[in-house]
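Geometric and topological summary
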Amino acid sequence: MTLLEREEYLSGLTSQFRNAVSGKGQAAVICGDAGIGKTSLVETFTQLQADKAKIYWGACDALFTPRPLAPLYDIAGKMKSKIIDKLEQEAPRPSIFNEFLNEIHKEEPNIIVIEDVHWADESTFDFIIFLAKRINKYKSLLIITYRNDEIGPTHPLRLSLSNIPTKYLKRFELPPLSINAVNDLAKSFGRDGGSIFKRTSGNPFLITELLMNDEENIPATVKDLMIFRLSRLSPEARSAVETFSVIPGSVDKWLINLLIKNYNVIDEAVDSGILKVENDSVSFRHELLQIAVEESLSESKRFEKNTAVLNILLGQKNIAPFLARIMHHAAKTANTDVILKYAPLAAKQAARLGAHEQALKHYMTALQFSEHLSSNERLDILEGYAHECYLTARIEEGIQSCKSAIEILKDHHDPIREGENFRRLSRLLWYYGKDKKGEEYILKAIETLEKFPPGKQLAMSYSNFSQIYMLREKTSEAVKWGEKAVEIAKSINDVEIEAHALNNIGASKMFASDDPGEKYLRKSLELSLQNDLHEHVCRAYVNLGTAYMYKRHLSKADKFFSDAVDYANEKDIKLASLCVAGEVAQIKLHMGNWDEAFEVSYEVYENKNAPVMDKLLPVTVIGLIRARRNDPGAFQLLDEADEMVYDTGELMKIVKVKAARAEAFWLKNELQTNVEELITAYDLVKVSNNPWAIGEIAFWLWKGGKLQKIPEPIAEPYLLQIEGKWAEASELWENLKCPYEQALALSDGNEKTMKKAVEIFEKLGASAASQLIKQKMRKSGIKNIPKGPRKSTKENPSGLTGRQVEILELVANGLSNSEIGNKLYISARTVENHISTIFSKLNIHTRTEAAALVHQNHIKI
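Presented here is an overview of the structure given in this document. Along each chain, numbering runs from 1 in the same order as the chain's sequence is written. Reporting in this predicted model follows two pLDDT cut-offs: at least 70 for local features of residues, and 80 or more for side-chain atom pairs to be given and counted; totals over whole chains, interfaces and linings ignore these cut-offs and use all residues. Calculated side-chain values reflect all of the structure's heavy atoms, with hydrogen atoms and water omitted.

Any two aromatic rings considered together are summarised by their centre-to-centre distance and by the angle between their planes. Ring geometry is summarised as follows: Phe, Tyr and Trp rings, the Trp one being its six-membered ring, pair when their centres sit within 6.5 Å, and such pairs are stacked at plane angles under 30 degrees, edge-to-face over 60 and tilted between the two. Per the counting criterion, the structure on display carries 26 aromatic pairs. Taking 4.9 Å as the distance between ring centres and 65° as the angle between the ring planes, the aromatic pair formed by Phe635 and Phe665 counts as edge-to-face. Of this pair, Phe635 sits in helix 33 (residues 634–645) while Phe665 sits in helix 34 (residues 651–667); the two residues are 30 residues apart in sequence, bridging distant segments of the chain. With a relative accessible area of 14%, Phe665 lands in the buried category. Among the aromatic residues, those joined into a cluster by ring pairs are Trp666, Trp692, Phe699, Trp700, Trp702, Tyr718 and Trp733. Any Lys NZ or Arg CZ found within 6 Å of a ring centre and within 35 degrees of that ring's normal is scored as a charge over the ring. The side chain of Lys519 reaches across the aromatic face of Tyr520, ending 5.3 Å from its centre. What counts as a helix is a DSSP run of H or I of at least four residues, what counts as a strand is a run of E of at least two, and both are numbered from the N terminus. Exposure classes here rest on a 1.4 Å probe applied to the protein chains alone. A residue is buried below 20% of its type maximum, exposed above 50%, and partly exposed in between.

Within the element layout of this structure, Tyr550 appears in helix 28 (residues 534–550). Judged by its relative accessible area of 4%, Tyr550 falls in the buried class. Taking the C-alpha atoms as reference points, Tyr550 and Pro691, separated by 141 residues in sequence, lie 9.1 Å from one another. If sequence neighbours within four positions are ignored, Tyr550 has contacts with Glu473, Phe511, Leu651, Met652, Asn690, Trp692 and Ala693. Any pair of residues with heavy atoms lying within 4.5 Å of one another is described as a contacting pair.

In this section: the sheet that holds strand 5 (residues 169–173). Reading across from one edge, 2-3-4-1-5 is the order of the five strands in this open sheet, with parallel pairing throughout. At either end of the open sheet lies a strand with only one pairing partner, and these are strand 2 (54–59) and strand 5. Direction aside, neighbouring strands of the sheet carry axes that sit 15° apart on average. Whether two strands pair comes down to DSSP finding at least two bridges between them. Pairing geometry for strand 3 (residues 110–115) and strand 4 (residues 140–147), over five bridges, is parallel. To get an axis, a line is fitted to the C-alpha atoms, and for a helix only the part in contact is used. The angle between two axes follows their N-to-C directions and goes from 0 to 180 degrees.

Our focus in this paragraph is the state of the cysteines. Disulfide assignment relies on a single distance test, namely cysteine sulfur atoms paired within 2.5 Å. Under the defined criterion, the tally for this structure stands at zero disulfides. The structure places no disulfide on Cys389, whose sulfur is separated from the nearest cysteine sulfur, that of Cys402, by 9.2 Å. In this structure Cys389 comes out as buried when scored by relative accessible area, which is 0%.

Time to look at unusual backbone geometry. Here Glu108 and Pro109 are connected by a cis peptide whose omega angle stands at -10°. By the element assignment, Pro109 lies in the loop between helix 5 (93–106) and strand 3. Pro713 follows Glu712 through a cis peptide bond whose omega is -5°. As for its placement among the helices and strands, Pro713 is situated in the loop between helix 36 (691–703) and helix 37 (716–722). Backbone geometry places Ala334, a non-glycine residue, at a positive phi of 50°. On the secondary structure map, Ala334 appears in the loop between helix 17 (323–332) and helix 18 (336–352). At Arg552, a position not held by glycine, the phi torsion is positive, near 60°.

Let us now look at the sheet that holds strand 7 (residues 275–278). Here three strands make up an open sheet; going across it, the order is 6-8-7 and the pairing antiparallel. A strand with exactly one partner marks an edge of an open sheet, and here the two such strands are strand 6 (251–252) and strand 7. With four bridges joining them, strand 7 and strand 8 (residues 281–284) adopt antiparallel strand pairing. Opposite Lys276, over in strand 8, you have Ser283 as the bridge partner. Where helix 14 (residues 264–271) meets the sheet, it contacts strand 7 and strand 8, and its direction lies at approximately 115° from that of strand 7.

To continue, consider the side chain of Arg539. Looking at the element boundaries, Arg539 is found in helix 28. At 5.5 Å, Glu535 is the nearest oppositely charged side chain to Arg539, a buried residue that forms no salt bridge. Apart from the residues within four sequence positions on either side, Arg539 is in contact with Gln467, Met470, His500, Asn503 and Asn504. Positive residues here are Lys and Arg, negative ones are Asp and Glu, while His and the chain termini are left out of the count. We count a salt bridge whenever a side-chain nitrogen from Lys or Arg sits within 4 Å of a carboxyl oxygen from Asp or Glu.

Laid out in structure tokens, this is it:
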């Protein structure tokens, strides 16, 4: 394991060693918690100095009765001296210690290490004091290590250290690793650094144990450590530690006062290095130790401890601050009554605080015991669960929960509630990629709810219907249903539905280049922010970003998407984070940052739980990049996207998938075979009033020679290019910072601009387009066509991109996928995908073959 964040201490020891070599001997004390990395630091340091000094190691042992002078025995055993004889003859200590000084003087310079002196006996303390007081007379560095979580205020080590002159003594207290260091270590193992840091508090030993073992289980070494420490406590202190182990996080002092009678047991557990005191609470030094103690409890003891804590919490006058903790201890004791009573309250409280994953878990806990509930109570749980499933992107579970609620309602006449569940199911089905099925349920909802006076449920159904049309980009219908929703929302003073409907109206207008649309969207954002409507804040940011992305105002779009991601992460809206990933990848694709676009997309693509609607754009982006780079597997991905997009009804995604497929066929000189598919898409798009969507499909239809007439409206860059004004089109694309589209426009020009297009394509790594335009130039009789690829790929005949060459070099140097990912800040799976492409291009099958190609200079790096 790499030694991280210890450079400062290595430097300090090295400086002391230099002083020692010059004749001014030094002493260093290295301390820290158990597992903090004292031994690793000293081992690394002594390895660095191994050819400059004689190294002596001695250690104290964790015996109930320490072995007298154990470190001296260890060190003397490696010296050709009479020290061992004197020790065995029980010679006077001054004689033994002076003999030791004589010996180290013969072997100068030297480094003497005495480890774990918190376990030392009195004679060893005497030896350390004797040596430390005289060390400055020798070319020696004395290094002492100890655990500061093992020594209480009266430990003899404290007195020993106070007797060492400070002029040549330095003390190094090692801190835990930072979250950044833990992230770096965890990333190389494909693990989540945040989770590991939380469980270990940055303790290197615990981190290593977790990384080298199954993260879900407590490593045996950690359990052994905990059992050993517990065995040294009094029965009363051990019982207190066991009680605290069932309480997640820290234990407040008011709760401690109700749980234990003798506060001295806290001091005992703190002195033993198990607990720590911070402000008004007590906690374990590491979460991993807490889990190890809890797992060591028998089932009856765990039940007893949890019940004791639960009863105290339930006895408080104001239980609102303790809802989540009550649920925890109730679940641990399977206390059905408490779970069913408090789960909905805890879930709603978590949702209000933006902790939707936590809210979902509370509902899930309640559902495990829901056979004891009435129909209405079960409906409450199912509806809450479905909503949280939606926000946390668990779409299939949400659909099942909705269907269960609707099934219950068949036997319980409650049409308003039934209509609301039809509406909720409609939204979930749309997210599952079933637009038509979703429309059936929204119509059912409206039909059911319109039989009653207009209310919240009907208004939201109207707004959801508006949303469906907004996504299909049928502006007039979207606006009509949105305005109906706003009218009811205002009449009943429901800000949430008003914000939702204004969003649909605004987005529809902006997609159709109706500029006042932004006014509606910004009003929706303002209302949502003012009223903490978390989901609707995200929707407003995303739709503003999408409208600007359509217009290729990429910086502005990127800003809105960044705001959406930041807000979604802060409020735990996983659905929005996934949704935005595909849009962000599109922006990076347009900007020419293909490696970034690929990596953003791949993170979602490899997420098996990502909803269909969130996977579509990432799959399309990966497929299109592969097609442009002549990488294998492009059509497989674009076919997958085409199959998924069929039922979604969302025009933007249909345009992106169909345009990507058309381009892939064009790059293969097979666009004619794709024309019928394009015509079908064009018929759908041209009624949308979205000039950019119409322009993108019309452009490829024009390329295929099947555009009958120029449509209206159409975005200017596409219009100019179709009209043959490729220079003006190129200039517009350049101003919009879309280099690939700029090169496409130039490729329709004269010899000079075609050469410029090839230059841009090769700079982007677009080998397929480059080859296609070169073929066109040759057929036109153009001479002096650029022959080679750009510099980064010139020296390999297989057209590897710069990133692929970089990864190939690391593979050849023996790095694993995790190590490569850590080095390049990408996931191991993304690395795996790159390697698969590299192997395909080089027609090889193993990393050994890849290394051979590099090392034999068949591929120049």
